[in-house]
Amino acid sequence: MSVLDDKINQHFPGLVVRKDLVKTVKGNAIVPSYVLEYLLGQYCATNDEATIQTGIETVKEILAKHYVHRNESGLVRSNIKEKGRYKVIDKISVALNDKTDAYEAQFSNLGIKKVLVDSATVKAHPKLLVSGVWCIADIEYEFAEDKNISPWILSTLKPIQLSHFDYEAYVAARQQFSTDEWIDLLIQSIGFNPDMFGRRSKLTQLIRLIPFCERNYNLIELGPKGTGKSHVYSEFSPHGILVSGGEVTVPKLFVNNSSGKIGLVGYWDCVAFDEFAGKQKRVDKALVDILKNYMANKSFSRGVETLGAEASMVFVGNTRHTVPYMLKHSDLFDELPEKFYDSAFLDRIHFYIPGWEVDIIRGEMFSDGYGFVVDYLAEILRSMRNYDYSDQYRDHFTLSSDISTRDRDGINKTFSGLMKILFPQGGATKEEVEELLRLSIEGRKRVKDQLQRIDTTYGEVRFSYQDEGGKEVLVTTLEEEEYPGYYHRAVASEESGDNTHQVSDALKARPSEAQPADQVSESEPEEKHLTFQENQKGISFDGLFGPYLRGASKITVTDPYIRLFYQVRNFMEFLEAVVKNKSQEEEVAVHLVTARDEFKGELQDESFEKIQESARTVGIDFTWEFDESGTIHARHIVTDHGWKILLDRGLDIFQHYEMNEAFAFANRLQEFRSSKAFEVTFIKRD
């Protein structure tokens, strides 16, 4: 176990579980993760390997005996009949039969209906009335001659969710972790390996949890397929429900006026719409209108009566086009169905998660470390809905007066949610508060900037904040930094045939801090300092360094971290940039100064020898040396024709990507990889 895993088990004994165990016990049981982790939490919430193995066998045995597979439902019903009483794990929904004035349960996989349920059970667990709840139940069988009487009798029913928790103990234990450790614990709790994500990517994952801890929070995430957009809402919490965007109706979501039955928003903390995008989807205009009112006012009408609810709304969907394509030809809401492509509806969204920044999920990204039993964390998040942390930045920062009330509400709710998740105990530093405030502003700005494209009546807003000294900080979105030429242009009007594009005055006045690689490579070498944000794309060694390598006959690279395979590969790709920027008839000497790997030094030698042999064939004389003093810290590139390039991260500027996937463009071309946050300084030497 890692040091963090030891610490997690020390401060949260019995409340955490090793995340790879879910796959171990799941088999072919089609159940949410929180159901499996509930069982694992009963038997495997420990770091003792022997106990874990015994617990795994127990959970497997419970699933084998009591989980109902649809294709084995007949056998289970037979067991109930023969034994008279049998325990099952199934999804159970309840409906009121107004003809008999009785509540009747339906078992999803077992396939039995009209099982009588007493009123006390329904009152204790009202979600049984809406879409169903996973439960452990004892079923009895007693045949009766009367055909109107069901032979199935529900003896006991226990929803699979935590019965109690100690919030104060949770907050006290949080104080034992640093911010980075806590973020990694939460990422492991979701099921991911934190080593595979950068800071910004981790926070993006955690934003998906805000709807569970903030009342009436409206979130949208659009991006490529396979990035796990809907996973949290279907698997993570018994208090959230994932529904297909095409299956939602007004009665199902809000209220059935004929029966008076309240819909999903009355029972769930979070209602997520899956597959929300798609131009061809048929959408009820009345649903959109009621949604708009609910998202703005937290209420909906039931005939002449107005009702309130606290459910957060989440919309997730896939995009077909790249970000620059959408920015050039339409906007970042382009994939939405026509009736949802409505500025009044979109203006009610508090945060837009840029799904194109989220990596497609790969096997190596899953965690085998310890995280909270998700049901425990779900209950913690639910209890946090009673708190408001939205004012905790006001001791240090003030939002610009240019930001409207609706924009301010979106920023405040996102900030409050992130503070609850990361700092339930309080005590965040000014820098940590600023980081979350900037992210909160960025997510709302992404919404507002696209609204300006869709509806010209929306005026331009200066999204900024001031610190105690009155210094203003302007907030930009990452895609604004990556594609400033497309981001700040109005889409051509089809009616007018106008093909001109207006660039905002703000962009003209403020050059982008982060420069796309093609702009860098075309420029003449000059002294400058460049800053790149995490998850920025369009960066390559050729684009960054090309102009500064041309004409050099000797290049020295100093980087202590050319040890692991991916780091050696980075260096090989740097040599490729050298080759691209030298004349075929010239030869260039490249010397590497690095540190020897303590455990894999022989592998380092072997890799460098192979590179040396290959480099000779393309006119590169590659040599290397290991710094034996162990004091090498600098990371820079020096050329013999007068340039020194300072690298705060060395050549390790890219996030993890699939190196073994031959058909992935990120594997073939650096421009399609997400970067880490890094800075480069170019200095002309005498």
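The structure displayed is predicted, hence computed values, not measured ones.

Participant: I keep staring at empty space enclosed by the protein and nothing clicks. Help me out?
Facilitator: Once rolled over the atoms, a probe with the size of a water molecule shows which space is left empty. According to the stated counting rule, one finds 2 cavities of 30 Å³ or more in the structure shown. In this model, the largest cavity occupies a volume close to 90 Å³. Lining the largest cavity are Met-196, Phe-197, Gly-198, Ser-201, Gln-205, Glu-357, Val-358, Asp-359, Asn-535, Gln-655 and Ser-674. Looking at the lining of the largest cavity residue by residue, the class counts come to 3 nonpolar, 6 polar and 2 charged. For the second largest cavity, the calculated volume is near 40 Å³. Considering the residues around the second largest cavity, the lining is formed by Arg-200, Thr-204, Ile-207, Phe-351, Pro-354, Glu-357, Leu-439, Glu-442 and Arg-446. Those elements that provide at least two residues to the lining of the second largest cavity are helix H9 (199–207), strand E15 (351–354) and helix H18 (430–454). Considering only residue class, the lining of the second largest cavity consists of 4 nonpolar, 1 polar and 4 charged.

Participant: What is the right way to read the sheet that holds strand E21 (residues 554–558) from this model?
Facilitator: What the 7 strands build is an open sheet, ordered E20-E26-E25-E24-E21-E22-E23; its pairing is mixed. Lying at the two open borders of the sheet, with one neighbouring strand each, are strand E20 (528–532) and strand E23 (620–626). Going across the sheet, the axis of each strand differs from the next one's by a mean of 15°, ignoring polarity. As paired strands, E20 and strand E26 (residues 678–684) are joined by 5 bridges and run antiparallel to one another. Along E26, the bridge assignment pairs Thr-531 with Glu-679. Seen against the sheet, helix H24 (residues 565–580) touches E21, strand E22 (588–594), E23 and strand E24 (636–639) and runs at an angle of roughly 160° to E22. Across the sheet, helix H25 (residues 601–616) touches E22 and E23, and the angle it forms with E23 is around 160°.

Participant: How should the side chain of Ser-312 be read in this particular structure?
Facilitator: Note that Ser-312 resides in strand E14 (residues 312–318). Of the polar contacts made by the side chain of Ser-312, one reaches the backbone nitrogen of Asn-216; its length is 3.5 Å. With near-sequence residues (within four places) excluded, Ser-312 lies in contact with Pro-211, Glu-214, Arg-215, Asn-216, Tyr-217, Asp-269, Cys-270, Val-271 and Arg-385.

Participant: I would appreciate a short explanation of the packing of aromatic side chains in the present structure.
Facilitator: Counted under the stated rule, the structure contains 45 aromatic pairs. Each ring, one from Phe-276 and one from Phe-345, has its centre 6.4 Å from the other, and the planes form 35°; the classification is tilted. Of this pair, Phe-276 sits in the loop between strand E11 (270–274) and helix H13 (285–297) while Phe-345 sits in helix H15 (residues 343–346), and the two are 69 residues apart along the sequence. Owing to a relative accessible area of 0%, Phe-345 belongs among the buried residues under this scheme.

Parameters and conventions
- Residues numbered from 1 in each chain as written.
- Predicted model: local features only at pLDDT ≥ 70, side-chain atom pairs only at ≥ 80, totals over all residues.
- Heavy atoms only, no water.
- 1 Å grid on protein atoms, 1.4 Å probe; cavity = no way out; pocket = protein on both sides within 12 Å on 5 of 7 lines; lining within 4 Å.
- Points joined across faces, edges and corners; volume = space filled by probe spheres on them.
- Nonpolar A, V, L, I, M, F, W, Y, C, P; charged D, E, K, R; others polar.
- Helix = DSSP H or I, 4+ residues; strand = E, 2+ residues; numbered from the N terminus.
- Pairing = 2+ DSSP bridges.
- Axes fitted to C-alpha atoms, helices over the stretch in contact; angles between N-to-C directions.
- Contact = heavy atoms within 4.5 Å.
- Polar contact = N/O pair within 3.5 Å; in protein donor to acceptor, adjacent residues only side chain to side chain.
- Phe/Tyr/Trp six-rings, centres within 6.5 Å; stacked < 30°, edge-to-face > 60°.
- Buried < 20%, exposed > 50% of the residue type's maximum accessible area, 1.4 Å probe, protein only.

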